[in-house]
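Secondary and tertiary structure notes
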Amino acid sequence: MALDHIRIEMHDTGLAQVIVARADIGNASSPEMLEEIRDAFAALGDDADVRAIVLMAEGRHFSVGADFGFLDRLTGMSAQHIRDTVYSRFQGAARAIYRCPKPTMALVQGAAVTVGCELALACDFRIAADTARFQESWVKLGIMPPLGGLFLLPRLVGLGRAMDICLLGRPVLADEALRIGMVGEVIAADLLAERGMAFARELGQIPAMAYASIKQGLQRGLETSMEAEWQANLANQALLLGSDDFKRQLAATKAAVAGAKRKQ
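Quick caveat: nothing in here was measured; it's all calculated off a predicted structure.

**Topic: the sheet that holds strand β5 (residues 111-113)**
One open sheet holds the three strands; their spatial order is β5-β7-β8, and the pairing between them is mixed. Only two strands of the sheet have a single neighbouring strand rather than two, namely β5 and β8 (172-173). Docked against the sheet, helix α4 (residues 115-122) engages β5 and β7 (133-135), running at close to 90 degrees with respect to β5.

Listed below in structure tokens is the structure:
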């Protein structure tokens, strides 16, 4: 598997690390990156030697959100192109993580914005550094969370909190994320990788078939179904991404980011 955006590290204990390796751009998401994540989780999920999978990222941030260059390209794409090509990668990554039969865990430091937040939610477990900041800020661009967060977040934190987080695009810092159930543990940033691997080793000791069966049963019990959520979001997101609101909000957001950088 040729990889330009992520790195896969295998350990002799059966643990696999999927490491997003674009710290130079804050691990901002692109279709190419999500395709690599999708294919990595699919392959590792089918590998009998893999006992647990850790999703993590290099640098200060888990993911600052979607790459602005990619967002600019979206403004010129047809709804059909967005539906059939772009989200096969984005939703494909979320599906591969969520449906993976192996134990999955996200280690989150710094920003986990939009796509980054949704991929973390798709994992079985989340451990956050004390620097972590989760944000479903799609609404600030005039679009919606399309990768499963609207299904998963209310089930983790309750409908009221999920509405607050998604409809206002409000950031959730590490301590609050722990208190409301978005993450299972918060730890100092410099200890995150060590703690994550220790927990992954614990997960790797659980009988694999039992883990997969229980995980699938829990997911079935929650779903109305997830497939209906994904299909509904594809059509709605394609319309929103083609709207004038998205173009205006994207331009305003880029200007704000550029202004903030000039002040640093």
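Moving on from the model shown.
**Observations concerning helix α9 (residues 208-222)**
End to end, α9 covers 21 Å across 15 residues, agreeing with the expected 21 Å (1.5 Å per residue, within 8%). For α9, the complete set of buried residues consists of Tyr-211, Ala-212, Lys-215 and Gln-219. Take α9 and look down its axis: the buried residues cluster within an arc of 95 degrees, on one side only. Opposite its buried face, α9 presents the exposed residues Met-209, Ile-214, Arg-220 and Gly-221, each directed more than 90 degrees away. Buried residues along α9 sit against α3 (79-99), β4 (104-108) and β6 (125-129).

**Examining the side chain of Ser-63**
Note on placement: Ser-63 falls in the loop between β3 (52-57) and α2 (68-74). Taking relative accessible area as the criterion, Ser-63 reaches 4% and is therefore assigned buried. Excluding anything up to four places from it in sequence, Ser-63 contacts Gly-26, Asn-27, Ala-28, Ser-29, Ala-111, Ala-112, Val-113 and Gly-116.

About the criteria used
Residues numbered from 1 in each chain as written. Predicted model: local features only at pLDDT ≥ 70, side-chain atom pairs only at ≥ 80, totals over all residues. Heavy atoms only, no water. Pairing = 2+ DSSP bridges. Helix = DSSP H or I, 4+ residues; strand = E, 2+ residues; numbered from the N terminus. Contact = heavy atoms within 4.5 Å. Axes fitted to C-alpha atoms, helices over the stretch in contact; angles between N-to-C directions. Expected span 1.5 Å × (residues − 1). Buried < 20%, exposed > 50% of the residue type's maximum accessible area, 1.4 Å probe, protein only. Arc of directions from axis to C-beta.

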